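Architecture and fold: a report
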Amino acid sequence: MAAPHSPRTDDWWRDAVIYQVYPRSFADGDGDGTGDLAGVRTRLPYLAELGVDALWFTPWYLSPLVDGGYDVADYRTIDPAFGTLGEAEKLIAEAHDLGIRTIIDIVPNHVSDQHSWFRAALEAGPGSPERERFHFRPGRGEHGELPPNDWPSQFSGRTWTRVPDGEWYLHLFTPEQPDLNWAHPAVRHEHEDVLRFWFERGVAGVRIDSAALLAKDPALADFEEGVDPHPYIDRDELHDIYRSWRAIADEYGAVFVGEVWLPDSERFARYLRPDELHTAFNFTFLACPWDPGRLRQAIDDTLAEHAPVGAPATWVLCNHDVTRTVTRYGREDTAFDFATKRFGTPTDLELGTRRARAAALLTLALPGSVYLYQGEELGLPEADIPLDRIQDPMFFRSGGTDPGRDGCRVPLPWSADAPYAGFGSRAEPWLPQPVDWPARAADRQRLDPASMLTLYREALRLRRTTAGFGDGPLRWLPSADGVLAFARSEHLMCVVNLSPAPVGLPAHTGVLLSSGPLDADGALPSDTAVWLRT
Ligand code: GLC
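Residues numbered from 1 in each chain as written. Predicted model: local features only at pLDDT ≥ 70, side-chain atom pairs only at ≥ 80, totals over all residues. Heavy atoms only, no water.

**Here we look at the site of the ligand**
Just so we agree on the cut-off: The near set for a molecule or strand comprises every residue that places at least one heavy atom within 4 Å of it. In protein, a polar contact requires one atom able to donate a hydrogen and another able to accept it; more generally it is a pair of N or O atoms within 3.5 Å, and residues adjacent in sequence count only if both atoms are side-chain atoms. What sets the accessible areas is the Shrake-Rupley method with a 1.4 Å probe; for residues, cover comes only from the shown protein chains.
For the ligand, the set of nearby residues contains 14 residues, the closest of which are Asp67, His110, Asp209, Glu259 and Asp321. His110 is positioned with one of its side-chain polar atoms (N or O) 2.9 Å from an oxygen atom of the ligand. Taking 310 Å² as the accessible area of the ligand by itself, protein coverage stands at 95%.

Written out as structure tokens, the structure reads:
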């Protein structure tokens, strides 16, 4: 087993490497085809050896799994498919003993339609206090046959569903995810209690799902392009909610990371004021194409928007919602956009992998914390899921034009020679694994000095042991066209060549790590990054 790297100070989150675990697809401990907490526990040594500081678990609570667990039926119960509360407590403690903190995922915008509150609301009928915890309304039209407003959905399709007694309820996502009414005190109280429940169990942080969507225009007025404030995105009421959450987190020394997709950087930064969220995901960087000018702009914008509030930036290349990095970078359009995802997009995986390796060194050299999504360290590509096996509601709600998000959620390959590439044992995994999964298995990559896993392990080790990485200043250096070069200290430099031809390296005293071999004359090839000692 790897030696534990000791948890750092209270400020650990300012430069942490956080590994996202999608429990359903990480490791299957009981062999039933679905990943579980027992599986995660057996793989903790792997995560310690990889060198991550924390794990973020996508929802592991009781759920009908209509939206992969983002439809929570009970926050205080682990879904039996994943394990028990006792196991979660053990997992948190075992990870802690290895120097790894635990971050959980809270989904405050909505609950599952199987949540006791929503079932009670359906039963109690129109006008009841039970319905006030959600957004129930009569319909429009002569017989109430039209939805109460025209709000567009976050997934394609309608945002209102009618119940048998004639009322409609609001759901920004699927009908199985009714939106909570955040103007209701019980909703606030319940979530504060849930936070305490998990902080008491040793959780070090919380990822807040759809963090900018909770508050709604009380009039539920129709959506009008350009009208400010938006009826349900980024409303001012949210900041009061997060201030009260922050006070609770401070009691436990815990931290937040918000899922805040907002194009306006000034509005984004408001969530990161000192008495609100500690951090938020950097989706500008995630969505940015593999283009030197655009990447530099994204990095500058990110640092500029964080600086006034004193919050550290986060850097993310992919997660459970978006196209996997090696696939995205191997396409003509290397940006990410939910609206343009299509089946059958031509992909050059070799090129994508080369760029993803360079992007890994770029990302890990930037100031702030970094999120890694399970399988990213194995260089897994987006998988093609046979149509009859797709489960993601994004596919169904788009009428089958959007392939959905299952392609980045395929169960991991652990051992090249074991059944199901070592994910589980008895039953076939819940999503089919591509035929070349065994060749990408962790046990094979572990022994291969040129593998993605070796690159990540080495990069994380150097990032942890070399002064200058993580939080702190970044200084751009003069560089040729298409090249990003910056210093993190007097002694540490990162150079990324996004131009089509090799470039000479600036003066240096040693190469710490490169994402691919340098040319014989020491030049940095195209789509390659290097960390230099200076
Ligand atoms: C977030 C999650 C996504 C989920 C949605 C609804 O965007 O990352 O997976 O479908 O919220 O909860």
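**Looking at the domain arrangement of the protein**
How we decide: Boundaries between domains were set according to an automatic or database domain assignment. Pairs of residues are marked as contacts when any of their non-hydrogen atoms sit within 4.5 Å. Accessible surface is computed with a 1.4 Å probe, and the buried area is the amount of it that two parts give up when combined, taken over both parts together.
Considered domain by domain, the protein is made up of domain 1 (12-109 + 185-442), domain 2 (116-170) and domain 3 (473-533). One C-alpha centre belongs to domain 1, the other to domain 2, and the line joining them spans 29 Å. If you look at the interface, domain 1 gives 20 residues, while domain 2 gives 18 residues. Summed over both partners, the interface of domain 1 with domain 2 buries about 1600 Å², with 59% contributed by carbon and sulfur atoms.

**Concerning unusual backbone geometry**
We apply this condition: Labels follow the DSSP assignment, with helices taken as runs of H or I lasting at least four residues and strands as runs of E lasting at least two, numbered in each case from the N terminus.
Cis geometry is adopted by the peptide bond preceding Pro229, which originates at Asp228 and carries an omega value of -5°. Relative to the assigned elements, Pro229 resides in the loop between strand 9 (205-208) and helix 7 (237-252). Positive phi, close to 45°, is recorded for Ser210, a residue that is not glycine. Here Ser210 is to be found in the loop between strand 9 and helix 7.

**As for the nonpolar core**
Under the convention used in this document: Only buried residues count toward a nonpolar core. Its members are Ala, Val, Leu, Ile, Met, Phe, Trp, Tyr and Cys residues joined through side-chain atoms within 4.5 Å. Burial classes follow relative accessibility: with a 1.4 Å probe on protein chains only, a residue under 20% of its type's maximum area counts as buried, one over 50% as exposed, and anything between as partly exposed.
Membership of the largest hydrophobic core comes to 150 residues, with the highest contact counts inside it found for Tyr19, Val52, Trp60, Tyr242 and Trp531. Ranked by residues supplied to this core, first place goes to helix 12 (residues 349-365) with eight residues.

**Topic: the pattern of salt bridges**
Condition: Any carboxyl oxygen of Asp or Glu that lies within 4 Å of a side-chain nitrogen of Lys or Arg is treated as forming a salt bridge with it.
This model, assessed by the stated rule, comprises 34 salt bridges. The salt bridge involving Arg41 is made with Glu94; its shortest N-O contact spans 2.8 Å. Separated by 53 residues along the polypeptide, Arg41 in helix 2 (residues 37-42) and Glu94 in helix 4 (residues 85-97) bring together distant segments of the chain. A residue is classified by how much of its surface remains accessible, and Arg41, at 24% relative accessible area, is partly exposed. Residue Glu94 is classed as partly exposed on the basis of its relative accessible area, which comes to 27%. When the shortest N-O distance is used, the salt bridge between Asp234 and Arg267 registers 2.7 Å. In this pair, Asp234 sits in the loop between strand 9 and helix 7 while Arg267 sits in helix 8 (residues 265-270), placing the two residues 33 residues apart along the sequence. Summarising the burial analysis for this pair, Asp234 and Arg267 share the class buried.

**A word on the state of the cysteines**
To be explicit about the condition: For the purposes of this analysis, a disulfide is any pair of cysteine sulfur atoms at a distance within 2.5 Å.
Counted by the stated rule, this structure contains zero disulfides. Here Cys288 stays free of any disulfide, with the sulfur of Cys318 as its closest cysteine sulfur at 15 Å. With no disulfide of its own, Cys494 lies 15 Å from the sulfur of Cys288, the closest cysteine sulfur. By relative accessible area, Cys494 is classed as buried at 1%.

**Some words on the environment of Leu474**
For Leu474, the location among the structural elements is in the loop between helix 15 (452-465) and strand 14 (475-476). Exposure remark for Leu474: the relative accessible area of 18% places this residue in the buried category. C-alpha of Leu474 to C-alpha of Phe285: the two residues are 189 residues apart in sequence and 16 Å apart in space. Those residues within four positions of Leu474 in sequence are excluded, and the remaining contacts are Ile299, Leu303, Leu366, Pro367, Phe486, Ala487 and Arg488.

**Looking at the sheet that holds strand 16 (residues 492-497)**
For clarity, the threshold we go by: Strands are treated as partners if at least two bridges between them are detected by DSSP.
Pairing is antiparallel across the open sheet formed by five strands, whose spatial order is 14-15-16-18-17. Looking along the sheet, the strands with just one partner apiece sit at the ends: strand 14 and strand 17 (510-514). In this structure, strand 14 lies alongside strand 15 (residues 483-489), joined through two bridges in antiparallel fashion. Within strand 15, the position partnered with Arg475 by the bridge is Ala487.

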